[in-house]
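Residue-level structural notes
Listed below, chain by chain, are the residues.
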Amino acid sequence: MYAQAFFVAAFGLAAIGFGVAVFRTSSMVRSALALLFSQTAVGCMFLAMQTEFLGVLQIMMMATEMSIMTIFMVMFMMDPGGLGGMDMSHQKRFSIGAGLSAAGAAIAVALLADWGPITAEAPDAAMQTRELGIEMLGRSMLIFETAAVTILTAMIAATAVAIPAHTLADNGNKEVSE
Amino acid sequence: MTVAVVLLTLLGSAWLLAVIEDWSATGRLRPAAPMLSGLAHLGRESLVPRKPDRLFFETAPVLLLVVTILGAGVLPLAPDLVIADLATGALFINAALAYVLVALIMAGWGPNGAYAMIGGWRFLGQLIAYAMLIVMPITAVAMRAESLVTTAIVGSQESLWNIVYQPLGFVLFIIAAMALAFRAPFDLPTAEGELAGGVDAEYTGMRLGVLRLARLLLVITLASATTVFYLGGWHGPLLPPWVWSLIKTLAVAALILLAGRHLPRIREADLMGWCWKLGIPLALLNIFVVGLQILVVP
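Residues numbered from 1 in each chain as written. Chains lettered and ligands numbered in written order. Predicted model: local features only at pLDDT ≥ 70, side-chain atom pairs only at ≥ 80, totals over all residues.

1. What about the overall build of chain B?
The criterion, for reference: Numbered from the N terminus, helices here are DSSP runs of H or I no shorter than four residues, and strands are runs of E no shorter than two. Our radius of gyration is a C-alpha quantity, and the globule rule it is checked against amounts to 2.2 Å times the number of residues to the power 0.38. With C-beta atoms placed from the backbone, a residue is labelled by how many other C-beta atoms lie within 10 Å of its own: buried for 20 or more, exposed for 12 or fewer, partly exposed between the two. Here contacts are defined at the residue level, using C-beta atoms placed from the backbone and a cut-off of 7 Å between them.
Across its full length, chain B holds 12 helices and 0 strands. Element order for chain B, N to C, with α for helix and β for strand: α-α-α-α-α-α-α-α-α-α-α-α. Relative to its length of 298 residues, chain B is compact, with a C-alpha radius of gyration of 19 Å against a globular reference of 19 Å. Over its C-alpha atoms, taken along the principal directions, chain B stretches across nearly 60 × 45 × 35 Å. Evaluated residue by residue, chain B yields a buried proportion of 50% over its 298 residues. At a minimum sequence separation of 6, the contacts of chain B that also span at least 24 residues come to 80%.

This is how it looks when you write it as structure tokens:
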């Protein structure tokens, strides 16, 4: 029990530490990978809380997702290496205020919400995977399918927008495409 | 004890593979060559390029080595010879090997070199495409076993190996495994001829030694995964189970290296196009067909 609490706290602190590192560096790649390791630490918290499937899934998904974010951050920022002394921060007082009140709200919800009775013993990992699967293909199916189709639509739309218009037109004739 | 046995087997396989590779390249059988080459790496100067991202430069080879060994940790050599028989084993190996991508982005960005950086970003595109071809065939394998536990997956192939039950999945998986191991013909991130070594280019001495060892172990881990998911794992007549696992793993690894020796490097746009337009529809078809097989032929 104490060991579990220790590891949850340790990974939690690591997640916060990497989260802070995201904003403490000027290098876009360092920033994105710090966010990746922050999310990996959250995945390790899931593992420490005996939710194996969710933990492994979080660790797997974030590696690819944050890697994709790395290249987008490098592509769109004017100083991706951070060697030019670029300052990305602005509206400091407002953001500090917003950050503190959001953290306060999250802590208040965690402390004040009625979380129901604590499970005496977590079901074993294989059983959790099975129950999660049945949940996702039953009661929660509509929610996940809606989200999935929305994401797919967004991906197709983004790809369509990203293709230059003249490549779609015959012989690259710009007048036709416009 | 199990940990030590599995790690030693992994190292031993890497040594054997290196000897065989050296033999096929030079025509001479030199069992000590990999060790001597490793020692030579230790003795050489390990240069650090100008203005590197030192953190990434140092972390990348170690991260690659660690995630490869973690991936091997869930693959059984015999019914009781597995480091961690996780309930999510088939998912865990994907999670571990997803960090190969992170390691290569670090190795590409870290040294502050153009060739290395192009190599790193190339691998990003390559792995995002081919990671799907790893995960989707494994989905079909897990469907048949009705479990994500790797030992249960081997158990499900006792009567019929998955290479026969779902041959399409096997072909897709082994191609994707070669792309993940970035061996020729998928060695776009290192591409000797055009990128002068790519992500390897700026590494020398001990750091290069770690990187090379990690790449060799990555091939072994993926060959072992192929054995577990498609070739019936430890099943086989007469010989003890772990010997069968080892023989199959080394045979798959040799196949991967052999393919690299005889196939030309593929152009990047073709590699991506084939995966997204052909590979993924085929992987979906594979899931559908296996689903039908499970329903129709119990």
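Here the narrative resumes.
2. Some points on the overall build of chain A
A count of helical and extended segments in chain A gives 8 helices and 0 strands. For 178 residues, the compact-globule estimate of 2.2 N^0.38 gives 16 Å, and chain A exceeds it by more than 25% at 22 Å. Taken along the three principal axes of its C-alpha coordinates, chain A extends 70 × 45 × 25 Å. Sequence-distant contacts, at least 24 apart, represent 53% of the contacts inside chain A between residues at least 6 apart.

3. A word on the environment of Tyr-230 of chain B
Residue and element names in this part refer to chain B. The residue Tyr-230 is located in helix α10 (residues 205–230) in this model. Note: C-alpha distance between Tyr-230 and Trp-161 (69 residues apart in sequence) is 6.1 Å. Here Tyr-230 is in contact with Trp-161, Asn-162, Ile-163, Phe-170 and Phe-173, once residues within four sequence places are set aside.

4. Observations regarding α10 of chain B
Residue and element names in this part refer to chain B. The following threshold applies: Expected helix span is taken as 1.5 Å per residue step, with the number of steps being one fewer than the number of residues.
Here α10 spans 38 Å end to end across 26 residues, near enough to the 38 Å set by a 1.5 Å rise per residue. Among the 26 residues in α10, 21 count as buried, and that is most of the element. Looking at the residues trailing α10, positive phi occurs at Gly-232, about 75°.

5. Some thoughts on the packing of α10 of chain B against helix α11 (residues 241–262) of chain B
Residues and elements named next belong to chain B. Our working rule: Lines fitted to the C-alpha atoms define the axes, with helices restricted to the stretch that makes contact. Angles between their N-to-C directions range from 0 to 180 degrees. Every angle not falling under 35 degrees, over 145, or within 65 to 115 is termed oblique; those three ranges are roughly parallel, roughly antiparallel and roughly perpendicular. Take the far helix as the reference: if the near one is turned anticlockwise from it by less than a right angle, the crossing is left-handed, and if turned clockwise, right-handed. Throughout this entry, Asp, Glu, Lys and Arg are counted as charged residues, while Ala, Val, Leu, Ile, Met, Phe, Trp, Tyr, Cys and Pro are counted as nonpolar. The remaining residues, Gly among them, count as polar.
The contact between α10 and α11 brings their axes to 8 Å, and the two run at 120°. With respect to their mutual orientation, α10 and α11 come out oblique. α10 and α11 meet at a crossing whose hand is right-handed. Mapping the contact onto sequence places Val-219, Ile-220, Ala-223, Ser-224, Thr-226 and Thr-227 in α10 and Ser-245, Lys-248, Thr-249, Val-252, Ala-253 and Ile-256 in α11. Counted by class, the contact of α10 with α11 contains 6 nonpolar, 5 polar and 1 charged residues.

6. A word on the interface of chain B and chain A
Each side of the interface is counted separately: chain B has 20 residues, and chain A has 19 residues. Every element with two or more residues in the side of chain B that touches chain A is listed here: α4 (89–109) and α5 (114–145) of chain B. With 10 residues, α4 of chain B is the largest single contributor of residues to the side of chain B that touches chain A. Considered class by class, the residues forming the side of chain B that touches chain A number 17 nonpolar, 2 polar and 1 charged.

7. Some thoughts on the packing of helix α8 (residues 167–180) of chain B against α10 of chain B
Each pair of packed helices can be summarised by the angle the axes make with each other and by the distance between the axes. All names here are of chain B. The N-to-C vectors of α8 and α10 enclose an angle of 165°; their axes lie 10 Å apart at closest approach. Between α8 and α10, the angle is such that the two are roughly antiparallel. The two elements α8 and α10 meet at a crossing, and its hand is right-handed. On the side of α8, the interface is formed by Phe-170, Phe-173, Ile-174, Ala-177 and Leu-180, while α10 contributes Leu-222, Thr-226, Phe-229 and Tyr-230. Broken down by class, the residue content of the contact of α8 with α10 amounts to 8 nonpolar, 1 polar and no charged.

8. Points about unusual backbone geometry
A positive phi is found at Gln-50 of chain A, a non-glycine position, where the angle reads about 65°. Assignment of secondary structure puts Gln-50 of chain A in the loop between α2 (28–48) and α3 (52–76). Of note in this structure, Glu-146 of chain B is not a glycine but carries a positive phi near 55°. With respect to the helices and strands, the residue Glu-146 of chain B is situated in the loop between α5 and α6 (150–155).

9. Side note on the nonpolar core
Operational definition: Joined through C-beta atoms within 7 Å, a set of buried Ala, Val, Leu, Ile, Met, Phe, Trp, Tyr and Cys residues constitutes a nonpolar core.
Counting residues in each nonpolar core, the largest one holds 121 residues, and the members touching the most others are Val-100, Leu-101, Ala-103, Ala-176, Leu-180 and Val-219 of chain B. Here this core takes 18 residues from α4 of chain B, the largest share from any one element. In this structure Leu-101 of chain B touches Ala-63, Thr-64 and Ser-67 of chain A together with Phe-123, Leu-124 and Leu-127 of chain B, once residues within four positions along its chain are discounted.

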